[in-house]
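# Chains, contacts and geometry: an overview
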Amino acid sequence: MAKVMLRYDSKGAISFYVAKKDMEETILNAEFDTDEKWGGEVKLSNGETWFIEPSVKKFPAEVMAVRRGE
């Protein structure tokens, strides 16, 4: 489990940043993608899949995320 910062980047995409790994990637798609329920399994631009507990879509936000197996 990792603490992750989510925010919109300069292009309007959602940025996924893990400080402990100094890893910043773009979220390509999310399992749930509405303003009321956003998250679930998210696919990153580096090919990794992570799970974020679904919640209201409001960024910037700091959330806990779990990396899924490939």
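Preceding block: the structure.
Let's shift gears to the overall build of the protein chain. Within the protein chain, the secondary structure is distributed over zero helices and six strands. In the protein chain, the succession of α and β elements from N to C terminus is β-β-β-β-β-β. For the protein chain, the C-alpha radius of gyration of 11 Å lies close to 11 Å, the compact-globule estimate for 70 residues. Per-residue burial for the protein chain yields a buried fraction of 34% across its 70 residues. Across the protein chain, contacts joining residues at least 24 apart in sequence account for 27% of those joining residues at least 6 apart. Surface accessibility of the protein chain: about 4600 Å² in total, with carbon and sulfur atoms responsible for 49%.

Now for the packing of aromatic side chains. This model, assessed by the stated rule, comprises three aromatic pairs. Between tyrosine 8 and phenylalanine 59, the aromatic rings sit 5.3 Å apart at their centres with planes inclined by 80°, giving edge-to-face as the arrangement. Of this pair, tyrosine 8 sits in strand β1 (residues 2-8) while phenylalanine 59 is found in the loop between β5 (49-55) and β6 (61-68), placing the two residues 51 residues apart along the sequence. The exposure class assigned to phenylalanine 59 is buried, which follows from its relative accessible area of 15%. Following the ring pairs from residue to residue traces out a cluster consisting of Tyr8, Trp38 and Phe59. Directly above the ring of phenylalanine 32 sits lysine 37, whose terminal nitrogen or CZ lies 4.0 Å from the centroid.

Now for the sheet that holds strand β2 (residues 14-18). Read around the closed barrel, the six strands follow the order β1-β2-β3-β4-β5-β6; overall the barrel is antiparallel. This sheet shows a mean twist of 40° between the axes of neighbouring strands, independent of strand direction. When β5 meets β6, the two strands line up antiparallel, connected through four bridges. Paired with phenylalanine 51 across the bridge in β6 is valine 66.

Below, the discussion takes up the nonpolar core. Within the largest apolar cluster, 18 residues are counted, with the highest numbers of intra-cluster contacts made by Leu6, Phe16, Ile27, Trp38, Val42, Trp50 and Ile52. Among the secondary structure elements, those contributing two or more residues to this core are β1, β2, β3 (23-33), β4 (38-44), β5 and β6.

Here is what the cut-offs are and how they apply
- Residues numbered from 1 in each chain as written.
- Predicted model: local features only at pLDDT ≥ 70, side-chain atom pairs only at ≥ 80, totals over all residues.
- Heavy atoms only, no water.
- Helix = DSSP H or I, 4+ residues; strand = E, 2+ residues; numbered from the N terminus.
- Rg over C-alpha atoms; globule rule 2.2 N^0.38 Å.
- Buried < 20%, exposed > 50% of the residue type's maximum accessible area, 1.4 Å probe, protein only.
- Contact = heavy atoms within 4.5 Å.
- Areas by Shrake-Rupley, 256 points an atom, 1.4 Å probe, with all protein chains shown as cover.
- Phe/Tyr/Trp six-rings, centres within 6.5 Å; stacked < 30°, edge-to-face > 60°.
- Lys NZ or Arg CZ within 6 Å of the ring centre and 35° of its normal.
- Pairing = 2+ DSSP bridges.
- Axes fitted to C-alpha atoms, helices over the stretch in contact; angles between N-to-C directions.
- Core = buried A, V, L, I, M, F, W, Y, C linked by side-chain atoms within 4.5 Å.

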